[in-house]
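If you want the building blocks of each chain, they are given just below.
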Amino acid sequence: MKDVTNFGADVLYPVLVRDAEALGIYKALGVPDATVTTLKGPRLDIINVINLGRPIPVTDGSTGDVITIDASIDSQFPNGRRVGGGSAPNRNQVNVNSVLISLIVAGDPAAGLAKGVEVNDKDYVNRFPFLAPAHQGLLQGHGGINTPTVPTIPLP
């Protein structure tokens, strides 16, 4: 209920942009100072994305964390999130982090920043819980025998 009061300044004036500027990223890329000033805020374009383009007032109790579920498709995951669906069995359909970082830092959700982290090291499973079993810390990595485990997810 208090998202705008608690987080509004962080969204409207993203720290990530100030950090990118302080590190010299914009200068190194030749981004004009006027563009950097615009990216520093206020960023109503980010609010528009949070509100999914709907005319929602930017006030406490109206703007906030939004989860939209498309009930016409099999969403798979209990929270409505689709798992997998990318170009390979271990890839996501879209990398939300890449889209958000691109929107915040470049002002363009399609800029492709943080691209390449939308791949799992194991394939998704075609039934609940959909995510591959976790690595076994006792057997894998950190001095273990590093023997690959075989997923043993029982059928429902």
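Residues numbered from 1 in each chain as written. Predicted model: local features only at pLDDT ≥ 70, side-chain atom pairs only at ≥ 80, totals over all residues. Heavy atoms only, no water.

Trainee: What is the right way to read the packing of helix 2 (residues 15-22) against helix 6 (residues 96-106) from this model?
Mentor: A pair of packed helices is characterised by two quantities: the angle between their axes and the separation of those axes. Orientation of helix 2 relative to helix 6, taken along the N-to-C sense of each, is 65 degrees, at an axis distance of 8 Å. Considering only the axes of helix 2 and helix 6, their crossing is right-handed. Two secondary-structure elements touch here, helix 2 through Leu16, Val17 and Ala20 and helix 6 through Ile101, Ile104 and Val105. In the contact of helix 2 with helix 6, the residues fall into six nonpolar, no polar and no charged. (Axes fitted to C-alpha atoms, helices over the stretch in contact; angles between N-to-C directions. Helix = DSSP H or I, 4+ residues; strand = E, 2+ residues; numbered from the N terminus. Left-handed = near helix turned anticlockwise from the far one by under 90°. Contact = heavy atoms within 4.5 Å. Nonpolar A, V, L, I, M, F, W, Y, C, P; charged D, E, K, R; others polar.)

Trainee: Mind showing me how you'd approach a nonpolar patch on the surface here?
Mentor: A cluster of nonpolar side chains, contributed by Leu16, Ile101 and Leu113, occupies part of the molecular surface with about 200 Å² of accessible area. With respect to the element layout, isoleucine 101 can be found in helix 6. (Patch = residues over 30% accessible without salt bridge, like charges linked within 9 Å, V, L, I, M, F, W, Y side chains within 5 Å. Areas by Shrake-Rupley, 256 points an atom, 1.4 Å probe, with all protein chains shown as cover. Salt bridge = Lys/Arg side-chain N within 4 Å of Asp/Glu carboxyl O.)

Trainee: Where do I start with the pattern of salt bridges in this structure?
Mentor: Pairing between side chains of opposite charge can happen when their charged atoms approach one another. All chains considered together, the criterion is met by two salt bridges. Ionic pairing is found between lysine 40 and glutamate 21, a salt bridge with its closest N-O pair at 2.8 Å. Of the two residues, lysine 40 sits in helix 4 (residues 33-40) while glutamate 21 sits in helix 2, which places them 19 residues apart along the sequence. Given a relative accessible area of 35%, glutamate 21 falls into the partly exposed group. Two residues, arginine 43 and aspartate 45, come together in a salt bridge whose shortest N-O distance is 2.9 Å. When its relative accessible area of 30% is taken as the criterion, aspartate 45 is described as partly exposed. (Buried < 20%, exposed > 50% of the residue type's maximum accessible area, 1.4 Å probe, protein only.)

Trainee: Whenever I open this one, the nonpolar core confuses me. Can you help?
Mentor: When a protein is soluble and globular, its nonpolar side chains tend to lie buried together. Among the nonpolar cores identified, the biggest contains six residues, and these are Val17, Ala20, Tyr26, Val36, Leu39 and Val105. Of all the elements in the fold, those that place two or more residues in this core are helix 2 and helix 4. Sequence-distant contacts of valine 105, defined by excluding residues within four places in its chain, comprise Leu16, Val17, Ala20, Tyr26, Leu39 and Leu113. (Core = buried A, V, L, I, M, F, W, Y, C linked by side-chain atoms within 4.5 Å.)

Trainee: I keep staring at unusual backbone geometry and nothing clicks. Help me out?
Mentor: Residues apart from glycine generally show negative phi values, whereas peptide bonds are mostly found in trans. The omega torsion of the bond from glycine 41 to proline 42 falls at 5 degrees, within 30 degrees of zero and hence cis. Mapped onto the secondary structure, proline 42 falls in the loop between helix 4 and helix 5 (44-50).

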